[in-house]
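Residue-level structure breakdown
This is what each chain is made of:
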Amino acid sequence: MADRIPILRMGDCLLVSVQVEMHDQLALTLQNDLTEKIVAARAKGVLIDISVLEMVDSFIGRMLGNIASMSKVLDAETVVVGMQPAVAITLVELGMELPGIRTALDVESGMELIRELIDGQDPDADDQD
Amino acid sequence: MPTIKTDALPIRSDEDVVRVRQKVRQWATELSFSLVEQTKVVTAASELARNTLVHGGGGEVTLETLAEGTKRKGLRLTFQDRGPGIPNIERAMTEGYTTGDGLGLGLSGARRLSSEFDIHSEVGVGTSVTITRWK
Ligand SMILES: Nc1ncnc2c1ncn2[C@@H]1O[C@H](COP(=O)(O)OP(=O)(O)OP(=O)(O)O)[C@@H](O)[C@H]1O
Ligand SMILES: [Mg+2]
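Anyway, here's the lowdown on the structure attached to this text. Keep in mind the model is a prediction, meaning the values are calculated, not measured. (Residues numbered from 1 in each chain as written. Chains lettered and ligands numbered in written order. Predicted model: local features only at pLDDT ≥ 70, side-chain atom pairs only at ≥ 80, totals over all residues. Heavy atoms only, no water.)

1. Concerning the pattern of salt bridges
Applied cut-off: Here, a salt bridge means any side-chain nitrogen of Lys or Arg that lies within 4 Å of a carboxyl oxygen of Asp or Glu. The numbering of helices and of strands both runs from the N terminus, where a helix is a DSSP run of H or I of at least 4 residues and a strand a run of E of at least 2. Buried, partly exposed and exposed residues are distinguished by accessible area as a fraction of the type maximum, computed with a 1.4 Å probe on protein chains only: under 20%, between the cut-offs, and over 50%, respectively.
Inspection of every chain in the model, using the stated rule, returns 17 salt bridges over all chains. A:Asp24 is the salt-bridge partner of B:Arg50, the closest N and O atoms lying 2.5 Å from each other. Taken together, the residues span two chains, with B:Arg50 in helix H2 (residues 35-54) and A:Asp24 in helix H1 (residues 24-41). On the basis of relative accessibility, which here comes to 7%, the residue B:Arg50 falls in the buried class. Of the charged contacts, one joins B:Arg72 and B:Glu68 as a salt bridge, the two residues approaching to 2.9 Å between their closest N and O atoms. By relative accessible area, B:Glu68 is classed as partly exposed at 35%. Among the charged side chains, a network of salt bridges with common partners joins A:Glu21, A:Asp24, A:Asp57, B:Arg21, B:Glu47 and B:Arg50.

2. Focus on the side chain of B:Arg133
All names here are of chain B. Here is the rule we go by: Note on charges: Lys and Arg go in the positive column, Asp and Glu in the negative column, and His and the chain ends are not counted at all. For the purposes of these results, a polar contact is taken to be a pair of N or O atoms within 3.5 Å, where, inside protein, one atom must be able to donate a hydrogen and its partner to accept one; residues adjacent in sequence count only when each atom of the pair is a side-chain atom. Contacts were defined at the residue level, with two residues in contact if any of their heavy atoms lie within 4.5 Å.
Within the secondary structure, Arg-133 is located in strand S5 (residues 126-134). Among buried charged residues, Arg-133 stands out as having no salt bridge; its nearest opposite-charge side chain is Glu-37, 4.6 Å away. A polar atom in the side chain of Arg-133 sits 2.8 Å from the backbone oxygen of Leu-113. Discounting chain neighbours no more than four positions away, the residues touching Arg-133 are Phe-33, Glu-37, Lys-40, Val-41, Lys-73, Gly-74, Leu-75, Leu-113, Ser-114 and Ser-115.

3. Digging into the packing of aromatic side chains
As a reminder, the rule being used: Here is the rule: rings of Phe, Tyr and Trp (six-membered ring for Trp) pair when centre to centre is within 6.5 Å. Planes less than 30 degrees apart are stacked, more than 60 are edge-to-face, and the remainder are tilted. Each ring is checked for a lysine NZ or an arginine CZ that lies within 6 Å of its centre and within 35 degrees of its normal; such an atom marks a charge sitting over the ring.
Following the criterion strictly, the structure yields 0 aromatic pairs over all chains and no others. It is B:Lys5 that lies over the ring of B:Trp27; its NZ or CZ is 4.3 Å from the centre.

4. Brief notes about a negative patch on the surface
Cut-off, in case you're wondering: Patch criteria: residues need more than 30% relative accessible area and no salt bridge. Like-charged residues are merged within 9 Å; nonpolar side chains of Val, Leu, Ile, Met, Phe, Trp and Tyr are merged within 5 Å. Here the Shrake-Rupley method, with its probe set to 1.4 Å, supplies the accessible areas, and only the displayed protein chains count as covering residues. Charge placement uses NZ in Lys and CZ in Arg. For Asp and Glu, CG and CD serve respectively.
Taken together, A:Asp106, A:Glu108, A:Glu112, A:Glu116 and A:Asp119 make up a surface patch of like negative charges. Positionally, A:Glu112 belongs in helix H4 (residues 107-120).

5. Description of the interface of chain B and chain A
It is common to give the size of an interface as the accessible area lost on bringing the parts into contact. Quick note on the threshold: Two parts lose some accessible area (1.4 Å probe) when they are put together, and adding that loss for both gives the buried area. Ten residues, namely Ala, Val, Leu, Ile, Met, Phe, Trp, Tyr, Cys and Pro, are considered nonpolar, four, namely Asp, Glu, Lys and Arg, are considered charged, and the remaining ones, Gly among them, are considered polar.
Contact with chain B, which involves 25 residues of that partner, is made by 21 residues of chain A. When chain B packs against chain A, the two sides together hide about 2100 Å² of surface, and 58% of this comes from carbon and sulfur. When the buried surface of chain B facing chain A is broken down by residue, B:Asp14, B:Arg21 and B:Arg50 rank first, second and third, together holding 21% of it. In this assembly, chain B and chain A are joined by 6 salt bridges. Between chain B and chain A we count 11 residue pairs in polar contact (both at pLDDT 80 or more) in total. Looking at the side of chain B that touches chain A, the elements with two or more residues in it are helix H1 (14-30), H2 and helix H4 (106-112) of chain B. By residue class, the composition of the side of chain B that touches chain A is 8 nonpolar, 6 polar and 11 charged.

It is worth stressing that arrangement in space is one thing and function is another; only the former is reported here.
Written out as structure tokens, the structure is:
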């Protein structure tokens, strides 16, 4: 099984497309790799495409939450895109609401959302959050 | 209630947990579970397999296809380990309770995602969790 999920760079954004069965170590490695890449690339946005994931359990859900809050600390916006409806329904029943995670339907609208979030940040404004 | 088909898989590594998900998905598909039903039983299986691995120190899962009459079909999964056992099952079943660094969602979530849920545990002997999902 693969031991690493590739992270692509597009301008000031990082793009991750989860392509394989997510075993736990793979999820942890992705979380660590992304932290390093956000810093190294001075990324402002992170887009995670999970459209091929047929299941998100508490471990993967927790990883997505960790990535979102970690990127916030590093001043980058994370958007998760493409969650299948059956996965979303199951997550709610599992008891995971994924608080603090921004989602979009597909990569395109996810990129738009990231752009809005980045451009919405006024560098001269007082820090309010 | 006749068992139509049965199989067992070891749970000793992350990769085994993935294999459990795949096999449960395959069997649920064979039973013509809807996509949502498949996803629910696979997710419950993933939670319980991880518990077997992480808290139980490894073990195995038994899969059974059940038929009641000609119409009602179900998938039963039994996760077994010879780990430390659970001293207080009621507390372990409480949403948010964890002795590790998880979210404490696995057991309560797996129960909600299943039609039937059964847990037996003895300290120093091990734990067995059985879930059934009826179509
Ligand atoms: N097979 C097992 N053997 C021993 N203890 C177990 C077993 N399964 C669960 N437990 C105990 O029950 C607690 C709750 O389990 P549950 O799956 O709900 O949450 P978790 O595994 O701690 O976190 P999460 O599943 O959200 O990642 C565990 O922290 C552990 O103490
Ligand atoms: Mg668990």
